[in-house]
Amino acid sequence: MVWETLRSNPRKHDKRPYVLLNSAMSVDGKIATVGGESRLSSPADLKRVHAIRASVDGIMVGIGTVLVDDPKLTVKFVRGPNPTRVIVDSRARTPPTANVVISARQVPTIIAVTSRAPLKRVSALERAGANVLVCGNGSKVSLPILLGRLQRMGIKKILLEGGGTLNWSMVSRGYVDEVTVAISPKILGGARAKTLADGEGVARIRDAVRLRYIGAKKYGTDIVVRYGLLT
Ligand SMILES: NC(=O)c1ccc[n+]([C@@H]2O[C@H](COP(=O)([O-])OP(=O)(O)OC[C@H]3O[C@@H](n4cnc5c(N)ncnc54)[C@H](OP(=O)(O)O)[C@@H]3O)[C@@H](O)[C@H]2O)c1
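Bear in mind the structure is a predicted one, so any value in this text is a computation, not a measurement.

1. Focus: the environment of Ile-223
Then step 1. Mapped onto the fold, Ile-223 is located in strand E9 (residues 222-229).
Then step 2. Taking relative accessible area as the criterion, Ile-223 reaches 37% and is therefore assigned partly exposed.
Then step 3. As for Ile-223 and Gly-35, which are separated by 188 residues in sequence, their C-alpha atoms are 24 Å apart.
Then step 4. Contact partners of Ile-223, with chain neighbours within four places excluded, come to Val-181, Ala-182, Ile-183, Lys-217 and Lys-218.

If you want it as structure tokens, here you go:
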């Protein structure tokens, strides 16, 4: 089942795409083990996620996820089109041998970098067929610049699939419209294991990113909970 897009401020989406954050996590909030393994979803939940992939224009992950998981970020288990893949990668560290790069001529792939990314690495990615977008000249990809460019390219709905560092940047800056989390009945532990949102975090509960409950459903062994963002 693919849930309907939530109604949200339409003016906000003149400037940026609608963003749905989806993550699979353990009961203790980890999205990967200390060793970096992250296959937490049940087969039924995987099917749900791939149906969402087939319904969005873009799928976004951080370079941390590419380096650990080497994902393909394509649609499997259901029929449907592949969304444009967007890798947030300030220094163009995406290896030319990565699955998203070797298939870049078949599935549109955007690598968002900053002006500080080494030209040699940028050229290698472009030669492989990736569309490299320079988004700002700071130490990290400027998310407002990237989101604005994606919107103007016709990418109006994005599935944000992690990892914890990028999730935090996106949600804490107000660029996420809904959060869906699949809770897998496992406890992974590990103080260094990645969680749904890492980054700097907040020191006070009153500064938390606040959500409103929309619904929950069981997919195989997982409970999938959906929230909207309170502004
Ligand atoms: N269970 C799940 O659903 C799930 C889903 C996805 C990932 N994961 C797991 O998550 C882990 C990876 O998470 P991660 O936190 O290490 O990496 P990540 O969030 O995938 O990528 C973070 C990196 O993105 C780059 N970046 C560029 N601009 C940024 C910006 N404005 N804000 C934030 N990041 C920016 C930074 O590297 P540069 O400075 O080099 O650009 C940053 O370190 C892996 O173990 C993976 O398996 C789990």
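On we go.
2. Regarding the pairing of strand E4 (residues 109-113)
Then step 1. A large share of E4 lies buried, amounting to five of its five residues.
Then step 2. A two-sided burial pattern is seen for E4, the buried positions comprising Thr-109, Ile-111 and Val-113 on one face and Ile-110 and Ala-112 on the other.
Then step 3. As defined by bridge partners, strand E3 (residues 84-88) adjoins E4 across four bridges and the pair is classed as parallel. Its bridge partner lying in E4, Ile-87 is registered against Ile-111.

3. Comments concerning the packing of aromatic side chains
Then step 1. Applying the stated criterion to the full structure yields one aromatic pair.
Then step 2. Ring geometry for Tyr-213 versus Tyr-227: centroids 6.4 Å apart, planes at 75°, classification edge-to-face. With a gap of 14 residues between them, Tyr-213 in strand E8 (residues 211-219) and Tyr-227 in strand E9 connect regions that are remote in the sequence.
Then step 3. Among the residues examined, Tyr-227 registers a relative accessible area of 25% and is labelled partly exposed.
Then step 4. Positioned above the aromatic ring of Tyr-219 is the side chain of Arg-48, whose terminal nitrogen or guanidinium carbon lies 5.6 Å from the ring centre.

4. Thoughts on the site of the ligand
Then step 1. Inspection of the region around the ligand gives 28 residues, with Thr-65, Ser-90, Lys-140, Thr-165 and Ser-169 positioned closest.
Then step 2. The contact in question runs from an oxygen atom of the ligand to an N or O atom on the side chain of Thr-65, over 2.7 Å.
Then step 3. Listed by contribution, the elements that provide at least two residues to the shell around the ligand are strand E1 (18-26), helix H3 (63-69) and helix H7 (164-172).
Then step 4. When residues in the shell around the ligand are grouped by element, the largest group, five residues, is from H3.
Then step 5. Class assignment for the residues of the shell around the ligand results in nine nonpolar, 12 polar and seven charged.

5. Side note on the pattern of salt bridges
Then step 1. Under the defined criterion, the tally for this structure stands at five salt bridges.
Then step 2. We note a salt bridge from Asp-45 to Arg-48, for which the minimum N-O separation is 2.6 Å. Separated by three residues within a single helix, Asp-45 and Arg-48 lie in helix H2 (residues 43-55), roughly one turn from each other. Of the two residues, Asp-45 and Arg-48, neither departs from the other in class, the shared state being buried.
Then step 3. With its nearest N and O atoms 2.9 Å apart, the salt bridge here joins Glu-161 to Arg-53. With Glu-161 in the loop between strand E6 (157-160) and H7 and Arg-53 in helix H2, this residue pair connects regions lying 108 residues apart in the sequence.

Rules and cut-offs
Residues numbered from 1 in each chain as written. Predicted model: local features only at pLDDT ≥ 70, side-chain atom pairs only at ≥ 80, totals over all residues. Heavy atoms only, no water. Helix = DSSP H or I, 4+ residues; strand = E, 2+ residues; numbered from the N terminus. Buried < 20%, exposed > 50% of the residue type's maximum accessible area, 1.4 Å probe, protein only. Contact = heavy atoms within 4.5 Å. Pairing = 2+ DSSP bridges. Phe/Tyr/Trp six-rings, centres within 6.5 Å; stacked < 30°, edge-to-face > 60°. Lys NZ or Arg CZ within 6 Å of the ring centre and 35° of its normal. Near = heavy atom within 4 Å. Polar contact = N/O pair within 3.5 Å; in protein donor to acceptor, adjacent residues only side chain to side chain. Nonpolar A, V, L, I, M, F, W, Y, C, P; charged D, E, K, R; others polar. Salt bridge = Lys/Arg side-chain N within 4 Å of Asp/Glu carboxyl O.

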